Amino acid sequence: GLHPKLPFIESVAAYSSIRERVLDVPAQRCITKDNAPLSADAVVFYRITDLTKAKYAIDDYRLGVSNLVLTQLRSEIGQLTLDETFTAREQLNAILLREANAVSRAWGVEVLRVEVRDILPSPEIISAMELQMAAERRKRAAVLESEGKREAA
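Quick look at the structure, then.

Let's talk about the nonpolar core
- Membership of the largest hydrophobic core comes to 31 residues, with the highest contact counts inside it found for L38, A40, V44, Y61, V65, V69 and I77.
- For this core, the elements supplying multiple residues, two or more each, are β1 (21–31), β2 (37–48), α2 (61–78), α4 (89–104) and β3 (109–121).
- With 7 residues, the top contributor of residues to this core is α2.
- For L38, the contacting residues outside a window of four places in its chain are Q28, R29, C30, T32, I77, L82, T85, I119, L120, P121 and S122.

Observations concerning the pairing of β2
- In terms of burial, β2 is largely enclosed, as 9 of its 12 residues are buried.
- Strand direction decides the pairing type here: β1 and β2, joined by 9 bridges, are antiparallel. Its bridge partner lying in β2, V25 is registered against A42.
- Once β1 ends, the chain turns through 5 residues before running back antiparallel as β2, passing N35 with a positive phi of about 60°.
- Both β2 and β3 contribute to a ladder of 11 bridges, which runs antiparallel. Of the residues in β3, the one forming a bridge with R47 is E110.

Topic: the pattern of salt bridges
- For the coordinates displayed, the defined rule picks out 6 salt bridges.
- The closest approach of N and O atoms between E20 and R113, which form a salt bridge, is 3.2 Å. Within this pair, whereas E20 is found in the segment before β1, its partner R113 is found in strand β3, the two being separated by 93 residues in sequence.
- Judged by relative accessible area, which is 39%, E20 ranks as partly exposed.
- Residue R113 is classed as partly exposed on the basis of its relative accessible area of 36%.
- Here D41 ties to R117 by a salt bridge, and the two come within 3.0 Å at their closest N and O atoms. You can see D41 sitting in strand β2 and its partner R117 sitting in strand β3, a full 76 residues away along the chain.
- According to the relative accessible area criterion, R117 is partly exposed, its value standing at 38%.
- Connected via shared salt-bridge partners are D24, D41 and R117.

Thresholds applied
- Residues numbered from 1 in each chain as written.
- Predicted model: local features only at pLDDT ≥ 70, side-chain atom pairs only at ≥ 80, totals over all residues.
- Heavy atoms only, no water.
- Core = buried A, V, L, I, M, F, W, Y, C linked by side-chain atoms within 4.5 Å.
- Buried < 20%, exposed > 50% of the residue type's maximum accessible area, 1.4 Å probe, protein only.
- Helix = DSSP H or I, 4+ residues; strand = E, 2+ residues; numbered from the N terminus.
- Contact = heavy atoms within 4.5 Å.
- Pairing = 2+ DSSP bridges.
- Salt bridge = Lys/Arg side-chain N within 4 Å of Asp/Glu carboxyl O.

In short, geometric facts, not functional conclusions.
Below, the structure is given as structure tokens:
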């Protein structure tokens, strides 16, 4: 309803916009189901739906959403193997969005999208993957060479 205020004595305590906002979730070390260390980060798009709850239900809703997504990201990656983490990005995004909204709505915040930005294995894992790819290429070359010799004979 209408709430008049006395000029110079009373003022509006909080201003906010209903526009979509972006929150960069910093990189976090995660361990996969098969004990492979990797680093993952995300971007969260959110909007304040209830300013009163956003100001009074939680001390810092940005920190709350960031920590919520971080812990959920670590939990979900911990349930996947290293190979699955590279292919399950859409699945991770959907789970993170659902879980973040389940909690953040009580804070007056609606999470619109969660995008897992980077999933980076540790340097040791990357070098092992490169060695494995090189070995597979050498194996294919040897098979093709032997097939060529057999067909030529």
